[in-house]
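Secondary and tertiary structure notes
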Amino acid sequence: MFKASVDDLVFSTLNDVLGGIEQHFSADVLFIKAPMFPGVDDAIRHNIELIVDSYVVQKTKPPHKLCIILETTGGSIETVERIVRILRNHYKEVIFVIPNFAYSAGTVLALSGDELYMDYYSVLGPIDP
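Here's a quick rundown of the structure.

Procedures and definitions
- Residues numbered from 1 in each chain as written.
- Predicted model: local features only at pLDDT ≥ 70, side-chain atom pairs only at ≥ 80, totals over all residues.
- Heavy atoms only, no water.
- Axes fitted to C-alpha atoms, helices over the stretch in contact; angles between N-to-C directions.
- Helix = DSSP H or I, 4+ residues; strand = E, 2+ residues; numbered from the N terminus.
- Parallel < 35°, antiparallel > 145°, perpendicular 65-115°, else oblique.
- Contact = heavy atoms within 4.5 Å.
- Nonpolar A, V, L, I, M, F, W, Y, C, P; charged D, E, K, R; others polar.
- Core = buried A, V, L, I, M, F, W, Y, C linked by side-chain atoms within 4.5 Å.
- Buried < 20%, exposed > 50% of the residue type's maximum accessible area, 1.4 Å probe, protein only.
- Patch = residues over 30% accessible without salt bridge, like charges linked within 9 Å, V, L, I, M, F, W, Y side chains within 5 Å.
- Areas by Shrake-Rupley, 256 points an atom, 1.4 Å probe, with all protein chains shown as cover.
- Salt bridge = Lys/Arg side-chain N within 4 Å of Asp/Glu carboxyl O.

1. Digging into the packing of helix α2 (residues 40-58) against helix α3 (residues 77-90)
The description of two helices packed together rests on the angle between their axes and the distance between the axes. Packing of α2 against α3 brings their axes to within 9 Å, and their N-to-C directions diverge by 10°. Between α2 and α3, the interaxial angle falls into the category roughly parallel. Side by side, α2 and α3 meet where V40, D41, D42, I44, R45, I48, E49 and V52 of the first sit next to T79, R82, I83, I86, L87 and H90 of the second. The residue makeup of the contact of α2 with α3, split by class, is seven nonpolar, two polar and five charged.

2. Looking at the nonpolar core
Core analysis: the biggest nonpolar cluster contains 21 residues, and I68, L70, L87 and F96 have the highest contact counts within it. Elements that contribute at least two residues to this core include exactly β1 (28-33), α2, β2 (65-71), α3, β3 (93-98) and α4 (105-111). A per-element tally of this core places α3 first, with four residues. Leaving out residues up to four positions away in the same chain, L70 has contacts with I32, M36, F96, V97, I98, P99, F101, A102, G106, L109 and A110. Listed in part, the eight residues of the second largest apolar core include L18, A27, C67 and V97.

3. Brief notes about the side chain of T107
Its place among the elements puts T107 in helix α4. Looking at T107, the relative accessible area reads 4%, which means it is buried.

4. Considerations on a nonpolar patch on the surface
Among the surface-exposed residues, L111, L116, M118 and I127 lie close enough to one another that they form a single nonpolar patch of about 350 Å² accessible area. Among the secondary structure elements, M118 is positioned in strand β5 (residues 115-118). According to the relative accessible area criterion, M118 is partly exposed, its value standing at 37%.

5. A few points about the pattern of salt bridges
Counted by the stated rule, this structure contains five salt bridges. When the shortest N-O distance is used, the salt bridge between D114 and R88 registers 3.0 Å. Taken together, the residues span a long stretch of sequence, with D114 in the loop between α4 and β5 and R88 in helix α3 at a distance of 26 residues. Since its relative accessible area comes to 44%, D114 is described here as partly exposed.

Read these as geometric descriptors, not functional statements.
See the structure below:
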C-alpha cells in the first residue's frame, strides 16, 4: 500500500494547479507568499534562474512571460526594487494575480507588472511614504 504524506499531496495539487495557470497564460508561473524583506529577493532570484536554466538544459524556447501569484503583507521597497530588476532581466512581460491581498510594498510590486488580475475579494493596500 502506498502512503502519501500531506506534503506530497499538497505539492502534487499545487503543481497541477500551477500547470493549469501556465497553460492559461502561456507563461512561467511563480507563487510568492512572503513579506518583502531582504532574503526573499535572493530566493526569487534563485528560483527564476532555475526556471530559466531549465529551458537551456531542455533546449527549448522559454516563454517571455511570467505570471506571479502574489500574497504579501508588504515590507521593504528596496527589496521590491531588486525583485522588479530580477523579473525584468529575465522576462519581457510580467503578470500579477492577487487572489487575496498585496499590501504596502507588495502593492508597488504588483503595480510594476504589465497586467494585474484581481477579483471582488482582492485587496491592494496602502503605501506608506
